[in-house]
Amino acid sequence: MRTDRPADASLPAWLRPLADLLDSIEAEHLAPRFPHPPAGARPAAVLMLFADGDRGPELLLTERAATLRNHAGQISFPGGRRDDTDRDAVHT
């Protein structure tokens, strides 16, 4: 779900090709075998934060706590299952 993006002039050159494709990408392009969530799927959202770092392009990832019951210690994008208190996907 694209919620907002800066004007193309403010994007670093390495990110412009991806930004140009945003309006033409459909779910089927990203996951042909699973184009739509199955019945009963829980709403969720993740953040894909791209940055122009000191040594080139960067992507923010997090490491899940080693004490979690599920997926402990895994590398992930920030975000996850939507909570009842989340206003929308951006807030999730």
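Residues numbered from 1 in each chain as written. Predicted model: local features only at pLDDT ≥ 70, side-chain atom pairs only at ≥ 80, totals over all residues. Heavy atoms only, no water.

## Comments concerning the overall build of the protein
Condition: Helix and strand assignments follow DSSP, with helices taken as H or I runs no shorter than four residues and strands as E runs no shorter than two, numbered in order from the N terminus. Only protein chains enter the accessibility calculation, which uses a 1.4 Å probe; a residue whose area is less than 20% of its type maximum is buried, one above 50% is exposed, and one in between is partly exposed. Here a residue-residue contact requires only that any non-hydrogen atoms of the pair lie within 4.5 Å. Residue burial considers only the protein chains on display, and all accessible areas are found by Shrake-Rupley using a 1.4 Å probe.
Each helix and strand counted, the protein has two helices and six strands in total. Of the regular secondary structure in the protein, the N- to C-terminal order runs α-α-β-β-β-β-β-β. Taking all 92 residues of the protein together, the buried fraction comes to 10%. Partitioning the intrachain contacts of the protein with sequence separation of at least 6 by distance along the chain shows that 35% fall at a separation of at least 24. As presented, the protein carries roughly 7900 Å² of accessible surface, and 54% of it is formed by carbon and sulfur atoms.

## Topic: the pairing of strand β2 (residues 50–53)
Condition: Any two strands are treated as partners once DSSP identifies two or more bridges connecting them.
Pairing geometry for β2 and strand β3 (residues 56–59), over four bridges, is antiparallel. Across the sheet, residue D52 finds its bridge partner in β3, namely P57. Linkage of β2 to β3, two consecutive antiparallel strands, is achieved through a turn of two residues.

## Quick notes on the layout of surface pockets
Definition in use: The definitions used throughout rest on a 1 Å grid laid over the protein atoms alone, on which a cavity is an enclosed set of points accommodating a 1.4 Å probe that cannot get out and a pocket is an open set flanked by protein within 12 Å on both sides along at least five of seven lines; lining residues are those having an atom within 4 Å of a point. Grid points are joined across faces, edges and corners, and a volume is the space filled by probe spheres set on the points. Polarity classes work like this: nonpolar for Ala, Val, Leu, Ile, Met, Phe, Trp, Tyr, Cys and Pro, charged for Asp, Glu, Lys and Arg, and polar for all others, with Gly in that last group.
Estimated volume of the second largest pocket: approximately 520 Å³. Together, 17 residues line the second largest pocket, and R42, A44, R64, G80 and R81 are the ones closest to its centre. For the lining of the second largest pocket, the secondary structure elements donating two or more residues are β1 (44–46) and β6 (79–81). Among the residues forming the lining of the second largest pocket, the class breakdown is five nonpolar, seven polar and five charged.

## A look at unusual backbone geometry
Of note, H71 is a non-glycine position whose phi angle comes to about 60 degrees, a positive value. Among the secondary structure elements, H71 is positioned in the loop between β4 (62–63) and β5 (75–76).

## Observations regarding the confidence of the model for the protein
How we decide: The predictor attaches a confidence to each residue, and that confidence, scored 0 to 100, is pLDDT.
When pLDDT is averaged along the protein, the result is 84, and 88% of the positions lie at 70 or above. For the protein, the element scoring lowest by mean pLDDT is helix α2 (residues 27–30), at 73; β4 scores highest, at 96.

## Brief notes about the side chain of D86
The cut-off we apply is this: Note that His is not counted, nor are the chain ends; the positive residues are Lys and Arg, and the negative ones are Asp and Glu. Think of a salt bridge as a Lys or Arg side-chain nitrogen and an Asp or Glu carboxyl oxygen that are within 4 Å of each other. Throughout this description, a polar contact denotes any pair of N or O atoms lying within 3.5 Å of each other; where both atoms belong to protein, one of them has to be capable of donating a hydrogen while the other can accept it, and for residues adjacent in sequence the pair is counted only when both atoms sit in side chains.
Take D86: it is sitting in the segment after β6. No salt bridge is formed by the buried D86, whose closest oppositely charged neighbour, R82, lies at an N-O distance of 5.3 Å. For D86, the side chain forms a polar contact with the main-chain nitrogen of D83, separated by 2.9 Å. When residues no more than four places from it in sequence are discounted, the contact partners of D86 are R81, H91 and T92.

## Describing the environment of E28
With respect to the helices, strands and loops of the structure, E28 is situated in helix α2. Those residues within four positions of E28 in sequence are excluded, and the remaining contacts are P35 and H36.

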